[in-house]
Amino acid sequence: EAQVTQNPRYLITVTGKKLTVTCSQNMNHEYMSWYRQDPGLGLRQIYYSMNVEVTDKGDVPEGYKVSRKEKRNFPLILESPSPNQTSLYFCASSAAGTGNGKLFFGSGTQLSVL
Amino acid sequence: GENVEQHPSTLSVQEGDSAVIKCTYSDSASNYFPWYKQELGKRPQLIIDIRSNVGEKKDQRIAVTLNKTAKHFSLHITETQPEDSAVYFCAVYLYTGRRALTFGSGTRLQVQP
């Protein structure tokens, strides 16, 4: 089954404790991206990757890191989480040929930073 | 970058009525306009899309219209059903150096049975 898998589904942590949210897709998609969803603000892009070893900042990259060592995986790293990073996070992927508009989303990670 | 405004933020209709959600965008070079539906606690899923060379597209009870001159596009849902209740996001694709989608802020649609 074609899917984007995110883990964990829920995460509660404390300020400053490094964490990683994993994302994996099995569709051989070139493009992967991370979004955060906050009430009234829609989906805002954090980072994206056009292909292996190619990553770049989105609209709200501060406080986040990513890496793309393999085509299928695109982890999101919070080196020192802060309460303003409490949010619902989605990983997404798409095939390059679709212009990166037809996104397949993971099931989301609800992060709370205390 | 692209700026997308979506209205209304909430919409309540009676079952069987029609619902219309509108989005405006700022960059006339934008060329792809998808709509995503997010049910409560679920992931956003693409429900319909339209490209800039097309004025209207229909898929059963949903349709999207695009007015390139006015830079706005709309989602139309006819004969609404309770299962249409969800948050709907419009999005705009503009090819820049980073080839990103910009999302609207979302519309919460409630269909009253």
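Structure: see above.
Definitions and limits used
- Each chain carries its own residue numbering, running from 1 in the direction its sequence is written.
- Chains carry letters and ligands carry numbers; both start at the beginning, A for chains and 1 for ligands, and go up in the order they are written.
- Residues qualify for local features only when their pLDDT is at least 70, as the model is predicted, and side-chain atom pairs are given and counted only at 80 or more; totals for whole chains, interfaces and linings, by contrast, use all residues.
- Side-chain numbers here rest on the full set of heavy atoms in the structure, without hydrogens or water.
- Each pair of strands is called paired provided DSSP finds at least two bridges between the two strands.
- Counting from the N terminus, the helices are the DSSP runs of H or I reaching at least four residues and the strands are the DSSP runs of E reaching at least two.
- The convention used is that axes are lines fitted to C-alpha atoms, helices contributing only their stretch in contact, and that angles between N-to-C directions extend from 0 to 180 degrees.
- Two residues form a contact once any of their heavy atoms are found within 4.5 Å.
- Any carboxyl oxygen of Asp or Glu within 4 Å of a side-chain nitrogen of Lys or Arg constitutes a salt bridge here.
- Under this definition, polar contacts are N or O atom pairs within 3.5 Å; protein pairs additionally need one hydrogen-donor-capable and one acceptor-capable atom, and for neighbouring residues in sequence, both atoms have to be side-chain atoms.
- Under the scheme applied, nonpolar residues are Ala, Val, Leu, Ile, Met, Phe, Trp, Tyr, Cys and Pro; charged residues are Asp, Glu, Lys and Arg; polar residues are all the others, including Gly.
- Exposed residues in this analysis have more than 50% of their type's maximum accessible area, buried residues have under 20%, and partly exposed residues fall in between, with area computed by a 1.4 Å probe over protein chains only.
- A 1.4 Å probe that fits but cannot get out identifies a cavity on a 1 Å grid over protein atoms alone, an open set with protein on both sides within 12 Å along at least five of seven lines counts as a pocket, and a residue lines either if it has an atom within 4 Å of a point.
- Grid points are joined across faces, edges and corners, and a volume is the space filled by probe spheres set on the points.

(A) Quick peek at the sheet that holds strand β7 (residues 62-67) of chain B. Residue and element names in this part refer to chain B. The strand order β1-β3-β8-β7-β6 describes an open sheet built from 5 strands, whose pairing is antiparallel. If you trace the sheet from one side to the other, it starts and ends with β1 (4-7) and β6 (56-59), each paired once. If you compare each strand with its neighbour and ignore which way they point, the axes differ by 15° on average. Pairing of β7 with strand β8 (residues 72-77) involves 6 bridges; the strand directions are antiparallel.

(B) Structural context of the interface of chain B and chain A. In this assembly, 21 residues from chain B lie in contact with 27 residues from chain A. Scanning the region where chain B abuts chain A turns up 1 salt bridge. Counting across the chain B and chain A interface gives 4 residue pairs in polar contact (both at pLDDT 80 or more). Listed by contribution, the elements that provide at least two residues to the side of chain B that touches chain A are β4 (32-38), β5 (45-51), β9 (86-94) and β10 (100-103) of chain B. The element contributing the most residues to the side of chain B that touches chain A is β4(B), with 4 residues. In terms of residue class, the side of chain B that touches chain A is built from 10 nonpolar, 5 polar and 6 charged.

(C) Focus on unusual backbone geometry. The step from A:Asn7 to A:Pro8 runs through a cis peptide bond, and the omega angle for that step is 0°. Cis peptide bonds are those with omega within 30 degrees of zero, and the linkage from B:His7 to B:Pro8 qualifies with -5°. When you line up the elements, B:Pro8 lands in the loop between β1 and β2 (10-14). At A:Asn28, a residue that is not glycine, the phi angle is positive and equals roughly 60°. Within the secondary structure, A:Asn28 is located in the loop between β3 (19-25) and β4 (31-38). Overall, A:Asn28 belongs to the exposed group, its relative accessible area being 53%. The phi dihedral of A:Glu53 falls on the positive side, at around 65°, and the residue is not glycine.

(D) Representation of the layout of surface pockets in the model. Volume-wise, the largest pocket comes out at about 500 Å³. Lining the largest pocket we find 25 residues, and of these A:Gln37, B:Gln38, B:Val87, B:Phe89 and B:Arg108 sit closest to its centre. Mapped by element, the contributors of at least two residues to the lining of the largest pocket are β4 and β9 (87-94) of chain A together with β9 and β11 (107-112) of chain B. Along the lines of polarity and charge, the residues of the lining of the largest pocket split into 8 nonpolar, 12 polar and 5 charged. Space inside the second largest pocket adds up to approximately 230 Å³. Lining the second largest pocket are 13 residues, with A:Ala2, A:Phe104, A:Phe105, B:Arg43 and B:Gln45 positioned closest to its centre.

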